[in-house]
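Listed below, chain by chain, are the residues.
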Amino acid sequence: MRQESELEGGKKEDKMSDAIERGKFFFTYDSHPENKVIFESSWHPEHLKIKVHIGPNKEEAKEFPPNFFIEFSDDVLVVPGHGFYKFSFNNPHFNIAGKEFDFADICPDTVLEMNTDSSRRIVHGGFDPHLITMFRFDSPLDFLVLLHEMGHEADFEKRGKKYFGMGSGIYEKDPVGIGGVERNAWAEGFKIIRKLDLPIEKNLLDLAQKKLQGYQEPFGTYKEYAKHPKKSGYQAITDKERREVRESDEHILPFGGSKLKKAKRKK
């Protein structure tokens, strides 16, 4: 006996209508009502065609090139959850200020999905290293974050098991190493921008610098973290402490590198 999917049956149309409304809100979430969002029926009752045009609001427009826009389109599978929907993309086609590319051109082994469940932005990985989830996508700033998460995927492809083996230790124990992971992702994002010749290198640089500063904010010291990790938080490290730890004989370089040795001064 065939089991019906959650979108089949008498409430199928109501759920799809609800999914469309939530999807429209997803792309206009944060003072961007001028964004254009179109959902159309597709080849299968659980699929929708999606077309989106995103631009900066008046405040953001000062930071981006004139007439900057982001467009993408795809066929999406709609998967209902408890109070939210997942939209699983096939292979989104992007148009960034006239520069066109497919998501699979940059991340061929990665799934891109949108999730209406959270006010977070965009994340990479989780239980599946080949997954990037968008929780909001209403601003060109979100595309910059997406580039960063695509950079995490590129970094993962290069390092494989070392990426997660290193990552678990860093995110729990090593406030120096986490900065290395994030820097790698931003660096890979810059490579994507240059490969596609996108006119937003300065925008990505400004955001990268802002985000990376967050890993050095003095919520506590490295030594305090070692004694009381639950109280101080892993992001807590200052520039001075970062230099001290990197010069320590005991500190292990991120990504499985060898120990750093203190430079001996010539007498």
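Residue numbers here run from 1 along each chain, matching the order of that chain's written sequence. Where local features are concerned, this predicted model is filtered to residues with pLDDT of at least 70; where side-chain atom pairs are given and counted, the filter is 80 or more; whole-chain, interface and lining totals use all residues. Note that the side-chain values use all heavy atoms of the structure and ignore hydrogens as well as water.

Asker: Got a minute to help me understand the overall build of the protein in this structure?
Answerer: We count a stretch as a helix when DSSP gives it H or I for four or more residues in a row; a strand needs E for two or more, and each element gets its number in order from the N terminus. Check the secondary structure of the protein and you find ten helices and nine strands. Per-residue burial for the protein yields a buried fraction of 45% across its 267 residues. Note on contacts: a residue pair is in contact if any heavy atoms of the two residues lie within 4.5 Å. Sequence separation of 24 or more characterises 52% of the internal contacts of the protein that already satisfy a separation of 6 or more. Here the Shrake-Rupley method, with its probe set to 1.4 Å, supplies the accessible areas, and only the displayed protein chains count as covering residues. When the accessible surface of the protein is split by element, carbon and sulfur atoms take 51% of a total near 15,600 Å². For each residue, the accessible area found with a 1.4 Å probe, counting protein chains only, is set against the maximum for its type, and the residue is called buried under 20%, exposed over 50%, and partly exposed in between.

Asker: Help me understand the pattern of salt bridges, please; the structure alone is not making it clear to me.
Answerer: Side chains that carry opposite charge are capable of pairing whenever their charged atoms lie near each other. Here, a salt bridge means any Lys or Arg side-chain nitrogen found within 4 Å of an Asp or Glu carboxyl oxygen. Here the structure, examined in full by the defined rule, presents seven salt bridges. Put simply, Arg 136 and Asp 30 hold a salt bridge, and the shortest N to O gap is 3.4 Å. With Arg 136 in the loop between β9 (131–134) and α4 (140–159) and Asp 30 in the loop between α1 (12–26) and β1 (36–41), this residue pair connects regions lying 106 residues apart in the sequence. Judged by relative accessible area, Asp 30 falls into the partly exposed class, the value being 35%. For Glu 201, the salt bridge is made with Arg 194, and the minimal N-O distance between the two is 2.9 Å. A relative accessible area of 34% means that Glu 201 is categorised as partly exposed. A relative accessible area of 52% places Arg 194 in the exposed class. Ionic contacts of the salt-bridge type, sharing partners, join the residues Lys 158, Glu 188 and Lys 191 into one network.

Asker: Would you explain the environment of Lys 191 in this entry?
Answerer: The residue Lys 191 is located in helix α6 (residues 175–196) in this model. Judged by its relative accessible area of 46%, Lys 191 falls in the partly exposed class. Lys 191 sits 37 residues away from Ala 154 along the chain, and the two C-alpha atoms are 10.0 Å apart.

Asker: Looking at this model, I keep getting lost on unusual backbone geometry. Mind explaining?
Answerer: Trans peptide bonds make up most of the peptide bonds, and negative phi angles are found at most residues other than glycine. The phi dihedral of Ser 31 is positive, around 60°, even though this residue is not glycine. Among the structural elements, Ser 31 can be located in the loop between α1 and β1. Backbone geometry places Asn 67, a non-glycine residue, at a positive phi of 60°. Along the chain, the position of Asn 67 falls in the loop between α2 (58–61) and β3 (70–80). Accessibility expressed as a relative area gives 74% for Asn 67, which makes it exposed.

Asker: Just checking my understanding: could you explain the nonpolar core for this structure?
Answerer: Generally speaking, soluble globular proteins have nonpolar side chains that are buried together. Put simply, a nonpolar core is a bunch of buried Ala, Val, Leu, Ile, Met, Phe, Trp, Tyr and Cys residues held in one set by side-chain atoms that sit within 4.5 Å of each other. In terms of nonpolar packing, the biggest core is built from 49 residues, with Phe 27, Phe 137 and Phe 143 touching the most fellow members. In terms of residue count, α4 provides more of this core than any other element does, six residues in total.

Asker: Explain α4 to me, please; I cannot follow it from the model alone.
Answerer: Think of an α-helix as turning once every 3.6 residues; residues three or four places apart then point the same way. Here α4 is 20 residues long and its end C-alpha atoms lie 29 Å apart, about the 28 Å a rise of 1.5 Å per residue gives. Burial within α4 is extensive, with 15 of its 20 residues counted as buried. Downstream of α4 by a residue or two, Gly 160 has a phi angle that is positive, lying close to 55°. Take the number of residues in a helix, subtract one, and multiply by 1.5 Å to get its expected span.

Asker: Could you clarify how one ought to interpret the pairing of β1 in this entry?
Answerer: The side chains of a regular strand alternate, first on one face of the sheet and then on the other. Strands pair, by our definition, only if DSSP identifies at least two bridges between them. Two strands pair when backbone bridges link them, and β1 and strand β2 (residues 47–54) are joined in this way by six bridges, in the antiparallel orientation. In the sheet register, Glu 40 faces β2, and the bridge partner there is Lys 49. Hairpin geometry of β1 and β2 is characterised by an intervening segment of five residues between the two adjacent antiparallel strands.

Asker: Looking at this model, I keep getting lost on the side chain of Thr 133. Mind explaining?
Answerer: With respect to the helices, strands and loops of the structure, Thr 133 is situated in strand β9. Polar contacts involving the side chain of Thr 133 include one to the side chain of Glu 113, which spans 3.1 Å. N or O atoms within 3.5 Å of each other form a polar contact, as long as, within protein, one can give a hydrogen and the other can take it, and as long as residues adjacent in sequence are counted only when both atoms are side-chain atoms.

Asker: I tried to follow the environment of Asp 30 on my own but got confused; where do I start?
Answerer: As for Asp 30 and Ser 139, which are separated by 109 residues in sequence, their C-alpha atoms are 8.0 Å apart. In this structure, Asp 30 is in contact with Asn 57, Arg 121, Arg 136 and Asp 138, ignoring residues within four places of it in sequence.

Asker: Help me understand the packing of aromatic side chains in this model?
Answerer: In this description, an aromatic ring pair is defined by two values, namely the gap between the centres and the angle between the planes. Under the pairing criterion, centres of Phe, Tyr and Trp rings, with the six-membered ring standing for Trp, must be within 6.5 Å; the plane angle then separates stacked pairs below 30 degrees from edge-to-face pairs above 60, leaving the rest tilted. Tallied over the full model, the rule gives ten aromatic pairs. Aromatic side chains Phe 64 and Phe 68 sit 5.2 Å apart centroid to centroid with 20° between the ring planes, which places their arrangement in the stacked category. No difference in accessibility class separates Phe 64 from Phe 68, as the two residues are buried. A connected cluster of aromatic rings, assembled from ring pairs, spans Phe 26, Phe 27, Phe 72, Phe 89, Phe 94, Phe 101, Phe 137 and Phe 143.

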